[in-house]
Amino acid sequence: QLQLVESGGGLVQPGGFLRLSCASSGTLHEHGVGWFRQSPGKQREPGACISSSGASTNYADSVKGRFIISRDNAKNMMYLQMNNLKPENTGIYYCAAERLGSCPRRMSVQAFTYWGQGTQVTVSS
């Protein structure tokens, strides 16, 4: 069983930046991992994912060029650097891990098995 814990959320002004972290209790290096956002009243949406080796990444169009996903397998950690944040980036951010070591092209919620509890990100002036 893989346990995931997010941290690094908070309140930031538009144009600002945050770095989210996801810590794992287990063998995160065996899993592809991703970040999802859920806004009030909306479904959970994919943001980015990275394969187990780190060689493959995928981003939603809405964050491409502003967010960077990375991982440190030696530390069982995964990160999301979020730059030039916009109010529409507000929501609860979840890290998730899948079973195959891949970064699914579609990044659907169903492709990921393990989930953290989420960390709140609020972008507001």
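Residues numbered from 1 in each chain as written. Predicted model: local features only at pLDDT ≥ 70, side-chain atom pairs only at ≥ 80, totals over all residues. Heavy atoms only, no water.

Okay, the packing of aromatic side chains next. All told, the structure shown has four aromatic pairs when counted by the stated rule. Here Phe36 and Phe112 contribute two aromatic rings whose centre-to-centre distance is 5.2 Å and whose plane-to-plane angle is 80°, an arrangement assigned as edge-to-face. Taken together, the positions of Phe36 in strand β4 (residues 33-38) and Phe112 in the loop between β9 (91-97) and β10 (114-115) put the pair 76 residues apart, joining distant regions of the chain. With a centroid separation of 6.5 Å and an interplanar angle of 75°, the aromatic rings of Tyr94 and Trp115 are classed as edge-to-face. Of this pair, Tyr94 sits in strand β9 while Trp115 is found in strand β10, placing the two residues 21 residues apart along the sequence. Using a relative accessible area of 23% as the deciding quantity, one classes Trp115 as partly exposed. Aromatic rings pair up to connect Phe36, Tyr94, Phe112 and Trp115 into one cluster. The ring of Trp115 has Arg44 lying over it, and the distance from NZ or CZ to the ring centre is 4.9 Å. (Phe/Tyr/Trp six-rings, centres within 6.5 Å; stacked < 30°, edge-to-face > 60°. Helix = DSSP H or I, 4+ residues; strand = E, 2+ residues; numbered from the N terminus. Buried < 20%, exposed > 50% of the residue type's maximum accessible area, 1.4 Å probe, protein only. Lys NZ or Arg CZ within 6 Å of the ring centre and 35° of its normal.)

So, on to the pairing of strand β1 (residues 4-7). In β1, alternate side chains face the same way, and those of Leu4 and Glu6 are buried while those of Val5 and Ser7 on the opposite face are not. Across four bridges, β1 lies against strand β3 (residues 18-24) in antiparallel orientation. The residue bridging Leu4 from the neighbouring strand is Ser24, located in β3. (Pairing = 2+ DSSP bridges.)

Spatial ordering of the open sheet is given by β1-β3-β8-β7, a layout of four strands whose pairing is antiparallel. If you trace the sheet from one side to the other, it starts and ends with β1 and β7 (67-72), each paired once. Each strand of the sheet is rotated relative to its neighbour by a mean of 15°, with strand direction disregarded. (Axes fitted to C-alpha atoms, helices over the stretch in contact; angles between N-to-C directions.)

Moving on to the environment of Arg66. If you trace the backbone, Arg66 turns up in the loop between β6 (57-59) and β7. Taking C-alpha positions, Arg66 is 7.9 Å from Leu85, a pair spaced 19 residues apart along the chain. When near neighbours in sequence (up to four residues on either side) are disregarded, Arg66 contacts Gln81, Met82, Asn83, Asn84, Leu85, Lys86 and Asn89. A distance of 3.0 Å separates a polar atom in the side chain of Arg66 from a polar atom in the side chain of Asn89. (Contact = heavy atoms within 4.5 Å. Polar contact = N/O pair within 3.5 Å; in protein donor to acceptor, adjacent residues only side chain to side chain.)

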